[in-house]
Amino acid sequence: MRFGSCKLSKDIIDKIICSKEITSTEVSFLLLLSIIQSDRGMVEGLKYKEVCEKLAISHQEFYDCVYALEEQKFIRIVHRHNYNGWDIEILDNVFATQKDDQSKRYLRTNRDFLHTKEFIKLRTNVKKIILNIVFECRELTRDFFLHIARIKSLISINNVQLIKSYIKDIERFFKLTLSSKKGTKKQKNIIIIHRDNPIISDARSTQFELFVVRKLKLLFRTYKINFDEVPTEDIKDLIVLINQRKEYFGMTISVIIDTLISYGKIIPPLINKIITAKLEGQNF
């Protein structure tokens, strides 16, 4: 079993960059979906409230984004629930096996800066350029050179002043140098992204942690428990416990559900005790 998938395939990244229709909000919406999807590209129980809060958009903008992304064939609306939220599939984004990882190039999207307010507010073309940089760099082991001509080609913009304004926005995230070397035109106006850019790989939450938190939120919602009111330490302890019992994930979730039904809350020490007893063949 795979625990989530914080990935967007190269095909999707290329499609975002080439699209003349996608908006800045829609890009961030898709990035948000990518960090809560399953290994088969499915997002279950998406509530408009959680999206609106994270992207600072209205309810109407939420609906506009969902339908626009479906029309552009980035996603498919599988089911729309009144209470339980939306089930949405990111199209052509299955990473269910090691073979998928090896045969497809992808961008890892659980990078903190991609989900910050500062990034979310950026213009569409700036986001496109940054996604290209991060995809090409991934884990920087050497300086990365990006020609202005390449940027023009990527976003189909020839306005030099506009591109320079994009570069200023990019500078807020990366350590870079704009070099104008003498020589042929191909050597002029090069952006050098320096290898000392920890922001490219920075991720406080692992794919596993994001998956577990998403799973717990859906469980708590089912049993009418406000996730935000659960003590942070209990959530952390539960994540550690689930990680330790990965091979018994189904059993662990079942015990958590029984605990929620019996006590109306999670009690990590009790959950661990019950799982241990079950594994040792004891009655509890």
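Predicted model only: the values in this text are computed from it and were never measured.

A. Quick peek at the nonpolar core. Ranked by internal contacts, the top residues of the largest apolar core, which has 63 residues, are Phe-29, Leu-33, Leu-46, Phe-62, Ile-130 and Phe-174. Sorting elements by how many residues they give to this core places helix H7 (residues 124-137) first, with 8 residues. Setting aside chain neighbours within four positions, we find Leu-33 in contact with Val-43, Leu-46, Ile-75, Ile-88 and Ile-90.

B. Summary view of the side chain of Glu-50. Mapped onto the secondary structure, Glu-50 falls in helix H3 (residues 48-55). For Glu-50, the side chain forms a polar contact with the main-chain nitrogen of Lys-47, separated by 3.0 Å.

C. Inspection of the packing of aromatic side chains at higher detail. Inspection of every chain in the model, using the stated rule, returns 17 aromatic pairs. Ring geometry for Tyr-48 and Phe-62: centres 6.2 Å apart, planes at 55°, overall tilted. With a gap of 14 residues between them, Tyr-48 in helix H3 and Phe-62 in helix H4 (residues 59-71) connect regions that are remote in the sequence. Taking the relative accessible area as the measure of exposure, Tyr-48 reaches 32% and is therefore partly exposed. Aromatic side chains Phe-113 and Phe-174 sit 6.0 Å apart centroid to centroid with 80° between the ring planes, which places their arrangement in the edge-to-face category. In this pair, Phe-113 sits in the loop between strand E5 (106-108) and helix H6 (117-120) while Phe-174 sits in the loop between helix H9 (160-170) and strand E7 (176-179), placing the two residues 61 residues apart along the sequence. As far as burial versus exposure is concerned, Phe-113 and Phe-174 are alike and both buried. The aromatic ring of Tyr-106 is capped on one face by Lys-7, whose charged end is 5.2 Å from the ring centroid. Lys-15 extends its terminal NZ or CZ atom over the ring of Phe-74, reaching a point 4.7 Å from the ring centre.

D. Spatial organisation of H3. For H3, every residue scored as buried is listed here: Glu-50, Val-51, Cys-52 and Leu-55. Structurally, H3 contributes buried residues whose contacts are with helix H2 (24-34), strand E2 (42-46), H4, H6 and helix H10 (207-222). Ala-56 occupies a position one or two residues after H3 and carries a positive phi of about 55°.

E. Here's a closer look at the packing of H2 against H3. Packing of H2 against H3 leaves a shortest axis separation of 11 Å and a crossing angle of 120°. As the angle between them shows, H2 and H3 are arranged oblique. The hand of the H2/H3 crossing is right-handed. Here Thr-25, Ser-28, Phe-29 and Leu-32 of H2 lie close against H3, whose contacting residues are Val-51, Lys-54 and Leu-55. A per-class count over the contact of H2 with H3 returns 4 nonpolar, 2 polar and 1 charged.

Parameters and conventions
- Residues numbered from 1 in each chain as written.
- Predicted model: local features only at pLDDT ≥ 70, side-chain atom pairs only at ≥ 80, totals over all residues.
- Heavy atoms only, no water.
- Core = buried A, V, L, I, M, F, W, Y, C linked by side-chain atoms within 4.5 Å.
- Buried < 20%, exposed > 50% of the residue type's maximum accessible area, 1.4 Å probe, protein only.
- Helix = DSSP H or I, 4+ residues; strand = E, 2+ residues; numbered from the N terminus.
- Contact = heavy atoms within 4.5 Å.
- Polar contact = N/O pair within 3.5 Å; in protein donor to acceptor, adjacent residues only side chain to side chain.
- Phe/Tyr/Trp six-rings, centres within 6.5 Å; stacked < 30°, edge-to-face > 60°.
- Lys NZ or Arg CZ within 6 Å of the ring centre and 35° of its normal.
- Axes fitted to C-alpha atoms, helices over the stretch in contact; angles between N-to-C directions.
- Parallel < 35°, antiparallel > 145°, perpendicular 65-115°, else oblique.
- Left-handed = near helix turned anticlockwise from the far one by under 90°.
- Nonpolar A, V, L, I, M, F, W, Y, C, P; charged D, E, K, R; others polar.

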